[in-house]
Number of protein chains: 2
Amino acid sequence: METLSQWRCHGGTQGVYRHHSTSTGTPMTFAVFVPPQHEAGFVPVLWFLSGLTCTHANVMEKGGYQALAAELGLMIVCPDTSPRGEGVADDPAYDLGQGAGFYVDATQAPWSPHFRMRSYVERELPALIAAKFPADVRQQGITGHSMGGHGALTLALRNPKRFRSVSAFAPIVAPAAVPWGEKAFTAYLGHDTSHWALHDACALIHAGARVPDILVDQGGADSFLESQLQPHRLADACAAAGIPLTLRLHPGYDHSYYFIQTFMPDHLHWHAERLMASPAG
Amino acid sequence: METLSQWRCHGGTQGVYRHHSTSTGTPMTFAVFVPPQHEAGFVPVLWFLSGLTCTHANVMEKGGYQALAAELGLMIVCPDTSPRGEGVADDPAYDLGQGAGFYVDATQAPWSPHFRMRSYVERELPALIAAKFPADVRQQGITGHSMGGHGALTLALRNPKRFRSVSAFAPIVAPAAVPWGEKAFTAYLGHDTSHWALHDACALIHAGARVPDILVDQGGADSFLESQLQPHRLADACAAAGIPLTLRLHPGYDHSYYFIQTFMPDHLHWHAERLMASPAG
């Protein structure tokens, strides 16, 4: 693992790191904020998965998490959204290929050699974080934005023992039922939709996956609300499953990082309350 | 004036606007954050002048001012750092030409036709802000970073009645005495250094300019500290003049926006306390 940058920030350290990923077969870059509390011991970890077109840098620069994460004592880990580079398949569209990994392991050509973001964010990077950073891996939460909200929900639903808290900003809650997801899942996973269900939050809940509760914030002026995000599908699924969902619709807010930074404090508090509660035993 | 973007943010509006500047003879882009308190009346204004290579966007995206500005009720105005475009003179170096206006009116070729950033930030843009935004122009403060810290200090010292508060992040306090300023002032203002004094904070103070007090934050690991910034010069000038200077050196912090975002809340409080105090009468 190579350190690309480190900045002192709010008494902690915002860093950017690169390593060779055996999952993707490429160099992968990620950002980690280590709060000042690490000097007294390992600290809880909050994962932030980003949306289409983003790298690790967008939320690191525009998400506005550092001040409160430093106060609460949260480590924040921000992976990239796909493998990248000249030898990696790509598509001219913004919603497929590099910058659009959708947190799945592709089984279809030309994507399968490198587009293994599920393995990367679910196994490989967590092991690296545990080995290289002062992370209390018993206290992990996960959040994300848009495609990364999809990633956060599905990772939490598949790994409820690992993630003690989950939230999302404007997530794709049912990718198998909306154009972004249909396009990406067809390309990465093939036409047999039975392979899609492990990567669709609503389908996972219908199939019995459970988390203790979920926080979702959604902008009312988000141009993707009706076509791609459709949070009512998550509300229906959670209601049927008895999962407490706090779903907040904020008039006037769009899909941007200005929306994210506005509600970031609420999400950090949500996770801190759950990660810093006494262990169930 | 044209609206390029507007985002809802922390209950206020972060916008980006463009207009044709008669000072620079070019289109100029700037950012304004309007806090929610504008609905109850005009609000105090804090100007943020940016540093070398920056546009209006760097501090808007990375400065982290929106949350607290929304809470305190401060409008934040962020101009660009120079005229730009194909017909505008430039230099391959990062510290001269486009992105490096130094807040002066150039008198020398090839800069003099467009590089008139003093007129732009001191007169033209304030008039536009007063006309188009809910700004209480009796309550204005100014801050900035690096080259923009130089701009903030010199504008405040030349206009003590307009700016009721002034602060800076890692400012160039004595441009006439350091390489960045010597190079830029020679290019823009010519070799006769008597024309430089109006644009050098320390020289202005030595010549009798006064402000009520100054806050300066400086990173101790800033790679430009010794060569270009030299805050001890400002400390000496303020001591000799009896200007109360709060100069804080922060070990480990560098010249980046992670340094700026860390101390931004202290600066917003500094300005809010002074702008929202009762008028002297």
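Everything quoted here is computed from the prediction, not taken from an experiment.

This brings us to the relation of the copies chain B and chain A. Of the transformation superimposing chain B on chain A, the axial component is 0.0 Å and the angular component is 180°, with the fit at an RMSD of 0.0 Å. Within this description, the copies of the chain are treated as partners about a two-fold rotation axis. The share of interface residues of chain B whose copies in chain A are also at the interface is 100%, consistent with both copies meeting through the same surface.

On to the nonpolar core. Ranked by size, the top nonpolar core spans 96 residues in total, and within it A:M75, A:F102, A:I129, A:Y188 and A:L268 carry the most contacts. Among the elements that take part in this core, helix α9 (residues 257–275) of chain A stands out by supplying eight residues, more than any other. Filtering out sequence-adjacent residues up to four positions away, A:I129 remains in contact with A:F30, A:V32, A:W47, A:M75, A:V77 and A:A135. Residues B:A89, B:I172, B:I205 and B:L234 belong to the second largest nonpolar core, which totals 95 residues.

Evaluation of the coordinates by the stated rule reveals 34 aromatic pairs over all chains. Judged by centre distance (5.6 Å) and plane angle (20°), the ring pair of B:F115 and B:Y188 falls under stacked. Pair noted here: B:F115 is in the loop between β5 (75–79) and α3 (117–132) and B:Y188 is in helix α5 (residues 179–189), with a separation of 73 residues, a long-range link. Accessibility assignment for this pair places B:F115 and B:Y188 in one class, buried. Grouping aromatic residues by their ring pairs yields a cluster made of A:F48, A:F169, A:Y253, A:F259 and A:F263. The aromatic ring of A:W270 is capped on one face by A:R274, whose charged end is 3.5 Å from the ring centroid.

All names here are of chain A. Here, the residues flagged by UniProt with the feature "active site" (unreviewed entry) are S146, D222 and H255. Spatially, the listed residues are clustered: although they cover 110 residues, their C-alpha atoms lie within 10.8 Å of one another. Excluding residues that lie within four positions of it along the chain, S146 makes contacts with G51, F169, A170, P171, I172, W180, L229 and H255. Its place among the elements puts H255 in the loop between β9 (245–250) and α9. When residues no more than four places from it in sequence are discounted, the contact partners of H255 are H145, S146, A170, W180, D222, F224 and L229. Within the structure, the side chain of H255 is placed 2.9 Å from the side chain of S146, a separation counted as a polar contact.

Looking now at unusual backbone geometry. Residues and elements named next belong to chain A. With an omega of 0°, the peptide bond between A109 and P110 qualifies as cis. Assignment of secondary structure puts P110 in the loop between β5 (75–79) and α3 (117–132). Of note in the backbone geometry, H10 takes a positive phi value of approximately 50° without being a glycine. Relative to the elements of secondary structure, H10 occurs in the loop between β1 (2–9) and β2 (12–20). The phi dihedral of Y103 falls on the positive side, at around 60°, and the residue is not glycine. Inspection of the secondary structure assignment puts Y103 in the loop between β5 and α3.

All right, on to the sheet that holds strand β7 (residues 163–169) of chain A then. Residues and elements named next belong to chain A. In spatial order, the strands read β1-β2-β3-β5-β4-β6-β7-β8-β9; together these nine strands make up an open sheet with mixed pairing. The sheet is open, and its two edges are formed by β1 and β9, each paired on a single side. Ignoring strand direction, the axes of neighbouring strands in this sheet form an average angle of 20°. Across three bridges, strand β6 (residues 135–144) lies against β7 in parallel orientation. Paired with G141 across the two strands is S165, which belongs to β7.

With that out of the way, let us pick up the side chain of A:D213. Residues and elements named next belong to chain A. Inspection of the secondary structure assignment puts D213 in the loop between α6 (201–206) and β8 (214–219). Here R274 takes part through its side chain, which lies 3.0 Å from a polar atom of the side chain of D213. Not counting residues up to four positions away in its chain, the partners in contact with D213 are V166, I243, P244, W270 and R274.

Facing 19 residues of chain B, the contacting portion of chain A comprises 19 residues. Surface buried jointly by chain B and chain A totals about 1700 Å² across both partners, of which 51% is contributed by carbon and sulfur atoms. Between the two partners, chain B and chain A, sit two salt bridges. Here B:K62 ties to A:E61 by a salt bridge, and the two come within 3.8 Å at their closest N and O atoms. On the surface where chain B and chain A come into contact, there are ten residue pairs in polar contact (both at pLDDT 80 or more). When contributions to the side of chain B that touches chain A are tallied by element, the ones reaching two or more residues are β1 (2–9), α1 (57–62), α2 (66–72) and α9 (257–275) of chain B. Counting residues per element, the side of chain B that touches chain A draws most heavily on α9(B), at four residues. For the side of chain B that touches chain A, a count of residues per class yields seven nonpolar, eight polar and four charged.

What follows concerns the state of the cysteines. All names here are of chain B. Across all of its chains, the model carries zero disulfides over all chains by this definition. The structure places no disulfide on C54, whose sulfur is separated from the nearest cysteine sulfur, that of C78, by 11 Å. C54 sits in the buried class, given a relative accessible area of 5%.

Cut-off values and rules
Residues numbered from 1 in each chain as written. Chains lettered and ligands numbered in written order. Predicted model: local features only at pLDDT ≥ 70, side-chain atom pairs only at ≥ 80, totals over all residues. Heavy atoms only, no water. Least-squares fit on C-alpha atoms with pLDDT ≥ 70 in both. Contact = heavy atoms within 4.5 Å. Core = buried A, V, L, I, M, F, W, Y, C linked by side-chain atoms within 4.5 Å. Buried < 20%, exposed > 50% of the residue type's maximum accessible area, 1.4 Å probe, protein only. Helix = DSSP H or I, 4+ residues; strand = E, 2+ residues; numbered from the N terminus. Phe/Tyr/Trp six-rings, centres within 6.5 Å; stacked < 30°, edge-to-face > 60°. Lys NZ or Arg CZ within 6 Å of the ring centre and 35° of its normal. UniProt positions renumbered as here; feature names shortened; annotations may be inferred. Polar contact = N/O pair within 3.5 Å; in protein donor to acceptor, adjacent residues only side chain to side chain. Pairing = 2+ DSSP bridges. Axes fitted to C-alpha atoms, helices over the stretch in contact; angles between N-to-C directions. Buried area = accessible area lost by both parts, 1.4 Å probe. Salt bridge = Lys/Arg side-chain N within 4 Å of Asp/Glu carboxyl O. Nonpolar A, V, L, I, M, F, W, Y, C, P; charged D, E, K, R; others polar. Disulfide = S-S within 2.5 Å.

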